[in-house]
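# Structural description and commentary
Given next are the chains, with one letter for each unit.
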Number of protein chains: 2
Amino acid sequence: MARPVTVTVAVDATGADLGPAEVAAGAAIAAAQGVRVLLFGPAEAIGEVADGVEVVDAPISIAKAPDPVIAVRSTPDASIVQAARAVGDGRAHALVAGGSTGAALAAGLFNIKRASGIFRPALAIPIPVPGKPVTLVDVGANAESRPEHLVQFAFMGAALAQVVLGIEQPRVALLSNGEEAVKGTPLVLEAHEKLAGSPLRFVGNVEGLDITSGVADVIVTDGFTGNVALKVAEGVSQTMLEAVRAAATSSIRAKLGGALLRPSLRGLRDQLDPEGPGGAYLLGLRQLGVVPHGRFTRFGWSQAILLAARGVSGDVVGRTHAALEAAGALRAKGPAASSGDLTTVPSQP
Amino acid sequence: MARPVTVTVAVDATGADLGPAEVAAGAAIAAAQGVRVLLFGPAEAIGEVADGVEVVDAPISIAKAPDPVIAVRSTPDASIVQAARAVGDGRAHALVAGGSTGAALAAGLFNIKRASGIFRPALAIPIPVPGKPVTLVDVGANAESRPEHLVQFAFMGAALAQVVLGIEQPRVALLSNGEEAVKGTPLVLEAHEKLAGSPLRFVGNVEGLDITSGVADVIVTDGFTGNVALKVAEGVSQTMLEAVRAAATSSIRAKLGGALLRPSLRGLRDQLDPEGPGGAYLLGLRQLGVVPHGRFTRFGWSQAILLAARGVSGDVVGRTHAALEAAGALRAKGPAASSGDLTTVPSQP
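As the structure is a computational prediction, the values presented were derived from the model and not from experiment.

Rules used in this analysis
Residues numbered from 1 in each chain as written. Chains lettered and ligands numbered in written order. Predicted model: local features only at pLDDT ≥ 70, side-chain atom pairs only at ≥ 80, totals over all residues. Heavy atoms only, no water. Buried < 20%, exposed > 50% of the residue type's maximum accessible area, 1.4 Å probe, protein only. Helix = DSSP H or I, 4+ residues; strand = E, 2+ residues; numbered from the N terminus. Contact = heavy atoms within 4.5 Å. Pairing = 2+ DSSP bridges. Axes fitted to C-alpha atoms, helices over the stretch in contact; angles between N-to-C directions. Least-squares fit on C-alpha atoms with pLDDT ≥ 70 in both. Polar contact = N/O pair within 3.5 Å; in protein donor to acceptor, adjacent residues only side chain to side chain. Parallel < 35°, antiparallel > 145°, perpendicular 65-115°, else oblique. Left-handed = near helix turned anticlockwise from the far one by under 90°. Nonpolar A, V, L, I, M, F, W, Y, C, P; charged D, E, K, R; others polar. 1 Å grid on protein atoms, 1.4 Å probe; cavity = no way out; pocket = protein on both sides within 12 Å on 5 of 7 lines; lining within 4 Å. Points joined across faces, edges and corners; volume = space filled by probe spheres on them. Buried area = accessible area lost by both parts, 1.4 Å probe. Salt bridge = Lys/Arg side-chain N within 4 Å of Asp/Glu carboxyl O. pLDDT = per-residue confidence, 0-100. Patch = residues over 30% accessible without salt bridge, like charges linked within 9 Å, V, L, I, M, F, W, Y side chains within 5 Å. Areas by Shrake-Rupley, 256 points an atom, 1.4 Å probe, with all protein chains shown as cover. Lys, Arg positive; Asp, Glu negative; His and termini not counted. Charge placed at Lys NZ, Arg CZ, Asp CG, Glu CD.

Residues and elements named next belong to chain B. Burial runs high along helix α4 (residues 79-89): eight of the 11 residues are buried. All of the buried residues in α4 are S79, I80, V81, Q82, A83, A84, A86 and V87. Where α4 is buried, its residues touch β1 (8-12), β2 (36-41), β3 (53-57), α3 (68-74), β4 (94-97) and α5 (101-111). Two residues or fewer past α4, G90 is found with a positive phi of approximately 90°.

Dropping the structure here:
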């Protein structure tokens, strides 16, 4: 499949806490690096845009809708639905839609559609552990999974790590409650067996501790466990940073120490910055999707667009398909994707 | 049931990384506060002991056995098995056995036995979140659970929080991938319904972020998810502390700042100290068990013994039974506990 010379990314401008103009500023950064951006949102709020960015006036936002699935179905003019449709139609090669993971997932499934041979789309999130980044998949697209789903998540995550994160031979692991192959739920045991026999660089089961230990580049799990693991990590990380900050203001001596330490801690904060990897990746559709966090600044939005474009150039979707086909792990041909695939999704992973 | 005036705790001295003498030192601290300790381990390594501590020479240790269930079954003279038998026989009122959770669970199930009406024992761990402690249950006694198990875990955890941690009306929550009652696996949905109709102070579903947010005193989950959540929290917490330490040695300026900040950070470290709550609690047996971490010092061991004694005085087991009975949540009478209950257990939660 010939890759496009100029990659076009469809971006929903309505999911940012900082507003559509912040997304446009991110789009400008990406456009300056050669990516073409179709920006869907209220033209008035977006204002002037840079060269390479084309605004499609789409003033209807469902970013705050209580039920994203219903909102996507019932609002064909919503900016996120229009952006996803542009990808489905071939006017753009990838989707960037932030704020609501549920809305991005629903808009993607209905308009971009599931890739051929894929059971379920999955959400993968590259976690910025200092010096030991790791990608966790699935972090919440599916509340329940079967072993063959986990196997596909492993292949999807490995292709993402190769193409977008530049890891040549990603080490893939399965999240469990013990390192031994005999530990885990029946789901984990069966997925372990299938992965051990796959051509992936499978390093076996890992425990929760290994999210931060650097023993694997991709950690595979079901969406329920992945969502819990991701949010525990976020909560503990935030709590620790707040506690250190509180300790650094608890006395005059501590305040002085904190002031001296600040430049070094700022480096740490930058390493932990979730904006670097661009957000969560929506895998298993016919094209790639990226879901930046609603609180991202223009930097995060630009990263999401640039990394989506890198995923297109490196053909994450085609590579995933080829690897799954070679491994005999594609789903047998059957009925097309139905909304039944849209199980409970988190509002924000 | 009349509570004993002097509580006797059976302690296995062989599970500490620092050796049996460190456990004996912890026992001495507890004995000085009126607890009687039966200390099982190699008398030679234990040496002289304090008043109130009685050594039972039991030189055989299975603390490092690769398969704790097999080791417990095949080694009736092992110190941990003898300690558990003392509790089963009524010579002691509670068990403290550290190092291997799997061995403690197996020794407890075989020798103390499951409490009447309880489906499965569970491991509960009080997590020392600064200012917002929370007890997570189950953290790994069971790889798989049914909704009625989670309901019992909730009652067990609530009784533990009341008696041992002194929380009058513990807020009980269910761990899920979203706060809404409709979010989660079928297991979570069904357990939610049962808990919502129970007399517990049930505050609904919480997410992984809430392990550190202080919205609940007891968070209930299956042993697989609980084990992953606990270890992710441990891993992230350790990694953050190490990163702060590295930042504080990255330059001369940072080193000076770190030195000034050290007393305040020491306070934080003390608040995060896992030794304070004494370890993991083994609930659902006829008597209480506590599993200190292998790396605990004498302080942690003394806490484990003192809190076990508090659990006996406050009748955690009897209260749990009464509350489950009143709620109609006891298991119908059936065959006694079998080793089939010993599903995969982690070597150390």
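This next bit is on the sheet that holds strand β3 (residues 53-57) of chain A. Hydrogen bonds between backbone atoms are what pair the strands of a sheet, whose relative direction is either parallel or antiparallel. All names here are of chain A. Taken in spatial order, the 11 strands of this open sheet run β3-β2-β1-β4-β11-β10-β5-β6-β9-β7-β8, and their pairing is mixed. Where the open sheet ends on each side, the last strands, each with one partner, are β3 and β8 (202-206). In this sheet, neighbouring strand axes are inclined to one another by 25° on average, regardless of whether the strands run parallel or antiparallel. Inspection of the sheet shows strand β7 (residues 172-175) paired to strand β9 (residues 218-220) by three bridges, in the parallel sense. Pairing of A173 across the sheet is with I219, part of β9. On top of the sheet, helix α8 (residues 223-247) reaches β5 (122-127), β6 (134-137) and β7; it is set at about 140° to β6, its chief contact.

Moving on, we come to the sheet that holds β1 of chain B. Residue and element names in this part refer to chain B. Here 11 strands make up an open sheet; going across it, the order is β3-β2-β1-β4-β11-β10-β5-β6-β9-β7-β8 and the pairing mixed. Two strands bound the open sheet, and with one partner strand each, they are β3 and β8 (201-206). Going across the sheet, the axis of each strand differs from the next one's by a mean of 25°, ignoring polarity. Across four bridges, the pairing between strand β7 (residues 171-175) and β8 is parallel. From the neighbouring strand, L175 faces β8, where its bridge partner is V206. In this fold α4 packs onto β1, β2, β3 and β4, with an angle of close to 165° to the strand it touches most, β1.

With that settled, consider the relation of the copies chain A and chain B. Rotating chain A by 180° and moving it 0.0 Å along the rotation axis overlays it on chain B with an RMSD of 0.0 Å. Within this description, the copies of the chain are treated as partners about a two-fold rotation axis. In terms of C-alpha distance to the rotation axis, chain A has G257 of chain A as its closest residue, with the C-alpha 1.8 Å off the axis. A share of 100% of interface residues in chain A that are also interface residues in chain B marks the association as one of identical surfaces.

Cis geometry marks the peptide bond from V137 of chain A to D138 of chain A; its omega dihedral reads 0°. Looking at the secondary structure, you find D138 of chain A in the loop between β6 and α6 (147-163). For K113 of chain A, which is not a glycine, the phi torsion comes out positive at approximately 80°. Secondary-structure assignment places K113 of chain A in the loop between α5 (101-111) and β5. Positive phi values are uncommon outside glycine, yet D315 of chain B reaches one of about 60°. Structurally, the position occupied by D315 of chain B is in the loop between α10 (298-313) and α11 (316-326). Using a relative accessible area of 16% as the deciding quantity, one classes D315 of chain B as buried.

Relative to the elements of secondary structure, R114 of chain B occurs in the loop between α5 and β5 (122-127). Within the local environment of R114 of chain B, its side chain forms a polar contact with the backbone oxygen of F119 of chain B, the two atoms lying 2.5 Å apart.

Attention shifts here to the packing of helix α6 (residues 147-163) of chain B against helix α7 (residues 186-196) of chain B. All names here are of chain B. Packing of α6 against α7 leaves a shortest axis separation of 8 Å and a crossing angle of 50°. The angle between α6 and α7 places the two elements in the oblique class. Our pair here, α6 against α7, has a crossing hand that is right-handed. Judged by residue contacts, P147, E148, L150, V151 and A154 of α6 engage L187, E190, A191, K194 and L195 from α7. Across the contact of α6 with α7, the residue classes break down as seven nonpolar, no polar and three charged.

What the rule picks out here adds up to three cavities of 30 Å³ or more. Approximately 110 Å³ is the volume attributed to the largest cavity. Lining the largest cavity are 15 residues, with M156, G284, L285, V317 and T320 of chain A sitting closest to its centre. Listing elements by their share of the lining of the largest cavity, those giving two or more residues are β10 (280-283) and α11 (316-326) of chain A. Here the lining of the largest cavity takes five residues from α11 of chain A, the largest share from any one element. Residues of the lining of the largest cavity, tallied by class, amount to 10 nonpolar, five polar and no charged. By volume, the second largest cavity is sized at about 50 Å³. Lining of the second largest cavity is provided by D12, T14, I60, S61, I62, A63, A78, S79, I80, G98, S100 and A103 of chain B. Split by residue class, the lining of the second largest cavity holds six nonpolar, five polar and one charged.

All names here are of chain A. Both faces of β10 are covered, namely the face carrying A280 and L282 and the face carrying Y281 and L283. Where β5 and β10 come together, three bridges link them in antiparallel fashion. In the sheet register, L123 faces β10, and the bridge partner there is L282. Taken together, the three bridges between β10 and strand β11 (residues 288-291) define a ladder with antiparallel strand orientation. Bridge assignment links Y281 to a residue of β11, and that residue is V290. Remark: four residues form the turn of the hairpin made by β10 and β11, two consecutive strands paired antiparallel; G284 in that turn has positive phi of roughly 100°.

Okay, the interface of chain A and chain B next. If you look at the interface, chain A gives 55 residues, while chain B gives 55 residues. Buried surface at the junction of chain A and chain B, both sides included, amounts to about 4700 Å², of which 73% is carbon and sulfur. Broken down residue by residue, the surface that chain A buries against chain B is led by N177, F224 and M240 of chain A, which jointly contribute 15%. Across the contact surface, chain A and chain B share two salt bridges. Of the charged contacts in the structure, one is a salt bridge between K231 of chain B and E207 of chain A, with a shortest N-O distance of 2.1 Å.

Residues and elements named next belong to chain A. This prediction gives chain A a mean pLDDT of 91; 94% of its residues lie at or above 70. With pLDDT under 50 throughout, residues 336-349 is counted as low confidence; its partners more than four residues away or in other chains account for 57 contacts. If you check the scores for this complex, the pTM reads 0.91 and the ipTM reads 0.91.

Residues and elements named next belong to chain B. A complete count under the given rule lists 14 salt bridges over all chains for this structure. In this structure, R298 and E22 form a salt bridge, with 3.1 Å as the shortest nitrogen-oxygen distance. Placement of R298 in helix α10 and of E22 in helix α1 (residues 20-31) is noted, with a sequence separation of 276 residues between them.

The next subject is a positive patch on the surface. The grouping of R245, R262, R266 and R269 of chain A together with R253 of chain B at the surface amounts to a positive patch. For the positive patch, the element with the highest residue contribution is helix α9 (residues 252-271) of chain A, accounting for three residues. For R262 of chain A, the location among the structural elements is in helix α9. The partly exposed category is assigned to R262 of chain A, whose relative accessible area is 46%.

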